[in-house]
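Architecture and fold: a report
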Amino acid sequence: MAEHGGGGGCCPPMDLFRSEPMHLIQVIIPIESARLTVSYLGDIGLIQFKDLNVEKSPFQRTYAGQIKRCAELARKLRFFKDQMSKADIIPSGKLDTKAGLNLDDLEVNLGDLEAELVEINANSEKLQRGYNELVEYKLVLQKAGEFFKVAQSSAAEQHGEGSSHQGAEESLETPLLTDQESTVDQGKQVKLGYITGLVAKEKAMAFERILFRATRGNVFLRQSSVDEAVTDPSSGEKVQKSVFVVFFSGERAKSKILKICEAFGANRYPFPEDLSKQTQMITEVSGRLSELKTTIDTGLVHRTNLLETIAKQYEQWNDLVRKEKSIYHTLNMLSIDVTKKCLVAEGWSPIFATQQIQEALQQATIDAKSQVGAIFQVLHTKEMPPTYFRTNKFTESFQTIVDAYGVARYQEANPGVYTVVTFPFLFAVMFGDWGHGICILIAALFLIFKEKKYSSQKLGDIMEMTFGGRYVIFLMALFSIYTGLIYNEFFSVPFELFSPSAYACRDDACSEATTIGLIKVRDTYPFGVDPVWHGSRSELPFLNSLKMKMSILLGVAQMNLGIVLSFFNAIYFKNSVNVWFQFIPQMIFLNGLFGYLSLLIILKWITGSKADLYHVMIYMFLSPTDDLAENELFPNQKTVQLVLLLLSLIAVPWMLLPKPFILKAQHNRTHQGESYVALEGTDESLVEGGHDGSHDHEEEFEFSEVFVHQLIHTIEFVLGAVSNTASYLRLWALSLAHSELSTVFYEKVLLLAWGYNNVIILGVGIIVFVFATVGVLLVMETLSAFLHALRLHWVEFQNKFYEGDGYKFAPFSFALLVNEDE
């Protein structure tokens, strides 16, 4: 239930309105029980330790060696994880054998396992390289053997045909190629050398061109592609290759060819010209391949067994190393007293956790068999404590929305309580369509049902945010269905869900029932707006006008809530100046103008009056004494407007002038008679403590700065009251845009395709309609309404009362350790 992993059965009920009461504590821990004590406090997860060694670098701290040791163990675990990932082995769940874990034994064990695994990998790599070389050698023997076999056959045929013309000394052993001059001088014969090997198939053409250019064409090249890709011995990757044989003459040409082979990454292999030796070599290579294959498979089985053994305990080992590293990081934040052989810790903790902390300290003393127990005491300070709200999986995402703007100041009224309701509701006002709402509801329910599965997986950035806000989306969908029923829109189409329409044609000749000639013939539509309101007519109230006026009412209501929360803050912090000179004039100004406008809207709905509210509000300022005539909604309306206008004008100097003078008087009264110095012999710590505690009050009071600040605040509120009210009209604008887009997709895509009476066109129309609905209305429009609802909360609502300049409670907690190695 607790967001930070803390809180047991003794915790008080969760309160989101104000943050948990905190206090600064000091714990004096004997050195012999320090590690165990910090470990137990990490299990509780309700202390935010202060760094008492800020002046020291990480390498100068007491436990730097232990942290380095844990970092080395973490490196070995990362190596194991990488090896398991390559072998497609997934670490199993944690085992309940924590009592048998010891960091010293783990260090030895991991060292032995790493050495064994490194040796296995080295041997396996060496054997695999040899195996790949033999595979290539076998291919060379087979392909090049075919070259020589064909050449021998050709030579035999030529020898048989021309035996009568050749000398007795010539035979089948004559070289495959002869010099060009051999036709002239049969006595001069040149025996050619040759080089065999494999080159990448994609480089074969370039390899051939370079050979001919480098030797000026004095080579003879034969190539043959290998059908299947082979594993390159150097890179270990599958590569399409070609076997080549290069015939050359002379050592100079040979040197050039060898350099070219090296440049192209060609692997060279020896090749016997004798056919009997070729057959013998192929047999030997095949036998060695079989032996190596058996050896490699045996090594892989041994490696797999070793990795499976590691996988069974990997999570347990990783958990221990991360915890130990975090413990020593925390110990490095404590102040060490060498003479008293103890560590001094300071930190913030919730008041409700005091008993749990004390019990953990006592248990650590017993388990460590320490002769001296830890000392727990509360320190008095005027520092601002961190802010801690205990949230659950439902409220956490709403609190995150608020914290994205700024973390609440300690004990400040938290907007997160109201955001749970107001955020999805304002979204739904802009997105109201119960057809689209059902689609979003299905998606939200899917994420909720897959909660256990997805919470243990690493998702992408967008999916991670969507899954984290699944309960926000769930409420957004529910509220969208509700407002969609109010608007009577299902994919922009109105339905007579609860009863027939209350309106009908005036007579039988009525041909344009959607625009004119309608009269009320039965009871008012029971829930939501009447289906016939989805038009632009002057005789009946229409939906567009309703949405616009509702936007103003909702905006004024939420801004009033913000001012009321500022009043609660002032009362809680006993700031009477803000009560009298901020809350009251703000309420008068806002409601004297826009609260009055809201009242007129409601009265007009109740009475059915035709009064022009724009005219009323404009001439309330321009001509407040003129008669209202047909725009009067209630008796003595002109008098009421004059009073409200006068109060609104008075509220502006009320906010501006008194507060700076009252603050100046309070400052002078507080500092009367304080121009003295500390007596000699006074305890230095007390003097320093007094200086620290009264630091804020000792700063010189600048009346001009306070007055300018109040002037800016007053102008901001006065202008903001107008702009913020206008800003809430985005509720109407986005709702109208959503409805119109939905209408366009329905009428211009789906109905248009339906009208062709063609199955293919209808199928295409349905596909386009579905993709347009999902892509535009369910994705883009959802994101747009979400961002506008976010803006209305951050700017128009929270700026009335929310400072948001606090800092979050970040306790030392094992439950918060991320599953990532640093």
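Attention here is on the structure that accompanies the text.

Rules behind the numbers
Residues numbered from 1 in each chain as written. Predicted model: local features only at pLDDT ≥ 70, side-chain atom pairs only at ≥ 80, totals over all residues. Heavy atoms only, no water. Core = buried A, V, L, I, M, F, W, Y, C linked by side-chain atoms within 4.5 Å. Buried < 20%, exposed > 50% of the residue type's maximum accessible area, 1.4 Å probe, protein only. Contact = heavy atoms within 4.5 Å. Helix = DSSP H or I, 4+ residues; strand = E, 2+ residues; numbered from the N terminus. Polar contact = N/O pair within 3.5 Å; in protein donor to acceptor, adjacent residues only side chain to side chain. Pairing = 2+ DSSP bridges. Axes fitted to C-alpha atoms, helices over the stretch in contact; angles between N-to-C directions. Arc of directions from axis to C-beta. Salt bridge = Lys/Arg side-chain N within 4 Å of Asp/Glu carboxyl O.

Here is a general trend for soluble globular proteins: nonpolar side chains tend to be buried in one another's company. Formed by 73 residues in total, the largest nonpolar core has its most connected members in Phe423, Phe589, Tyr596, Leu600 and Leu731. Those residues within four positions of phenylalanine 589 in sequence are excluded, and the remaining contacts are Ser648, Ala651, Val652, Phe717, Val718 and Ala721. Counting 53 residues, the second-largest nonpolar core is a separate cluster that includes Phe80, Leu103, Trp317 and Ile357.

By secondary structure assignment, the location of glutamine 641 is in helix H17 (residues 637-656). Within the structure, the side chain of glutamine 641 is placed 2.6 Å from the side chain of tyrosine 596, a separation counted as a polar contact. Ignoring sequence-local partners within four residues, the contact set of glutamine 641 consists of Tyr596, Val616, Met620 and Leu628.

Attention shifts here to the sheet that holds strand S4 (residues 220-225). Strand order in this open sheet of four strands is S4-S7-S3-S8, and the pairing throughout is antiparallel. Each edge of the sheet is formed by a strand with only one pairing partner; in this case those strands are S4 and strand S8 (267-269). For this sheet, the mean angle separating the axes of adjacent strands, direction not counted, is 25°. Pairing of strand S3 (residues 193-200) with strand S7 (residues 241-248) involves eight bridges; the strand directions are antiparallel. Pairing of threonine 196 across the sheet is with valine 245, part of S7. Against the sheet, helix H4 (residues 204-215) makes contact with S3, S4 and S7, and its axis sits at roughly 175° relative to S4, the strand it touches most. This element, helix H5 (residues 251-263), spans S3, S7 and S8 of the sheet and lies at about 165° to S7.

Here we take up helix H16 (residues 613-622). Within H16, the full set of buried residues consists of Leu613, Val616, Met617 and Met620. Taken down its axis, H16 places every buried residue within 90° of arc, on the same side. Exposed residues pointing more than 90 degrees away from the buried face of H16 are listed as Tyr614 and Leu622. Lining the buried residues of H16 we find helix H15 (576-607) and H17. Taking the backbone nitrogen of tyrosine 614 as reference, a side-chain oxygen 3.2 Å away marks aspartate 612 as the first, capping residue of H16.

Turning to the pattern of salt bridges, a few remarks are in order. For the structure on display, the rule yields 22 salt bridges. Its salt-bridge partner being glutamate 72, residue arginine 75 comes within 2.7 Å of it at the nearest N-O pair. Of the two residues, arginine 75 and glutamate 72 are both situated in helix H2 (residues 64-86); the distance of three residues between them amounts to about one turn of the helix. The exposure class of glutamate 72 is partly exposed, given its relative accessible area of 36%. Among the charged side chains, a network of salt bridges with common partners joins Arg69, Asp104 and Glu107.

Our focus in this paragraph is the environment of asparagine 799. Structurally, asparagine 799 can be placed in the segment after helix H23 (759-797). In sequence terms asparagine 799 and glycine 562 are 237 residues apart; their C-alpha atoms lie 7.8 Å from each other. Discounting chain neighbours no more than four positions away, the residues touching asparagine 799 are Asn724 and Trp794. A distance of 2.8 Å separates a polar atom in the side chain of asparagine 799 from the backbone oxygen of valine 795. Polar contacts involving the side chain of asparagine 799 include one to the side chain of lysine 800, which spans 3.2 Å.

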